[in-house]
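Coordinates in review
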Amino acid sequence: MSGIRMRRAAWLAAVALAVAGCGDVPSGAASGVATNYFRRTAARDFAGACRLFSADLRNRLGDCAGAVQRGYEELPVGEQRTLGQVTVHSGRSHGSAEVRIATRDVGTVDSVTVKVNGTPKPRSSWTMSFAAYHMTNGHGMVLDKIDGTWQISACGL
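These numbers were taken from a predicted model, which means no experiment stands behind them. (Residues numbered from 1 in each chain as written. Predicted model: local features only at pLDDT ≥ 70, side-chain atom pairs only at ≥ 80, totals over all residues. Heavy atoms only, no water.)

1. Some details on the overall build of the chain
Convention followed: Helix and strand definitions here come from DSSP, where helices need a minimum of 4 consecutive H or I residues and strands a minimum of 2 consecutive E residues; each element is numbered from the N-terminal end. Only protein chains enter the area calculation, which uses a 1.4 Å probe; residues under 20% of their type maximum are buried, those over 50% are exposed, and those in between are partly exposed. In this analysis, two residues are considered to be in contact whenever any of their non-hydrogen atoms come within 4.5 Å of each other. Per-residue and other accessible areas were derived by the Shrake-Rupley procedure at a 1.4 Å probe size, with only the shown protein chains allowed to occlude residues.
Looking only at helices and strands, the chain has seven helices and seven strands in total. Going from N to C terminus, the chain has its helices and strands arranged as α-α-α-α-α-α-β-β-β-β-β-α-β-β. Counting the 157 residues in the chain, one finds 39% classified as buried. Within the chain, contacts between residues separated by at least 24 positions form 49% of all contacts whose residues are at least 6 apart in sequence. On the chain, roughly 8700 Å² of surface is accessible, and the fraction owed to carbon and sulfur atoms is 53%.

2. Quick look at the nonpolar core
The criterion, for reference: Throughout, nonpolar core names a set of buried Ala, Val, Leu, Ile, Met, Phe, Trp, Tyr and Cys residues whose side chains join them through atoms within 4.5 Å.
Counting residues in hydrophobic clusters, the biggest one holds 32 residues, and the most contacted among them are Tyr-37, Phe-38, Phe-53, Val-68, Met-141, Leu-143 and Ile-152. Elements with a contribution of two residues or more to this core: α2 (30–42), α3 (46–50), α4 (55–61), α5 (64–73), β3 (98–101), α7 (130–135), β6 (141–146) and β7 (149–154). The biggest single contributor to this core is α2, with six residues. Contact partners of Ile-152, with chain neighbours within four places excluded, come to Val-33, Tyr-37, Leu-52, Phe-53, Ser-54, Leu-57, Met-141, Val-142 and Leu-143.

3. Brief notes about α2
Which entries qualify depends on this criterion: For a helix, the expected span equals 1.5 Å multiplied by the number of residues minus one.
Across its 13 residues, α2 extends 19 Å between first and last C-alpha, which sits within 8% of the 18 Å expected from 1.5 Å per residue. Among the 13 residues that make up α2, twelve are buried, leaving the element largely enclosed by the rest of the structure. Within the span of α2, buried status applies to Ala-30, Gly-32, Val-33, Ala-34, Thr-35, Asn-36, Tyr-37, Phe-38, Arg-39, Arg-40, Thr-41 and Ala-42. Trailing α2 by a residue or two, Arg-44 shows a phi angle of about 65°, which is positive.

4. Quick word on a nonpolar patch on the surface
Inclusion rule: Patch construction takes residues with relative accessible area above 30% that form no salt bridge. Like charges are linked within 9 Å, and nonpolar side chains (Val, Leu, Ile, Met, Phe, Trp, Tyr) are linked within 5 Å. Salt-bridge detection follows one rule: a side-chain nitrogen of Lys or Arg within 4 Å of a carboxyl oxygen of Asp or Glu.
A surface patch of nonpolar side chains, amounting to about 200 Å² of accessible area, comprises Val-112, Val-114 and Val-116. Assignment of secondary structure puts Val-116 in strand β4 (residues 106–116).

5. Points about the state of the cysteines
Quick reminder of the rule: In this description, a disulfide is simply a cysteine sulfur pair whose atoms lie within 2.5 Å.
In the structure shown here, the tally under the stated rule is one disulfide. The disulfide partner of Cys-50 is Cys-64, and the S-S distance across this bridge is 2.1 Å. The chirality of the disulfide connecting Cys-50 with Cys-64 is left-handed, given an S-S dihedral of about -105°. Of this pair, Cys-50 sits in helix α3 while Cys-64 sits in helix α5, and the two are 14 residues apart along the sequence. Here the two residues Cys-50 and Cys-64 agree in accessibility, since each one is buried. Cys-155 takes part in no disulfide bond, and the closest cysteine sulfur to it belongs to Cys-64, at a distance of 7.8 Å.

Just geometry here; none of it tells us what the structure is for.
In structure tokens, the structure reads:
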């Protein structure tokens, strides 16, 4: 297997494990915190989603849980269903204390098994999440490292 195919297979396996797991993705990385935000929102844990926000963002929103709930409820029902399945694929570092996550980096992994010459072969594909796009008003997210913890400082609300 070529180096590119091995890296792709490893990446897809990691994403599939994250998607298959229940509950929160480990939040040590900014992408894990962002993924947790979408999953908590999909689980209607709006207060839990707000705990991932910086104090400044919570203050700007006022009724933080209400703002997250309104954003969620404005999504079409089909997008509400898929929001809990999204994974943040990557982010772009801006120094050591800021990460920006574009909406194109949030999506789902769809896995199927196809037969190739009679042999079952697993195949996976990455699909950008329209739910995450709409939940962030197309702006993506910004996370800042505050006191050693990644916190969401902007998410389109």
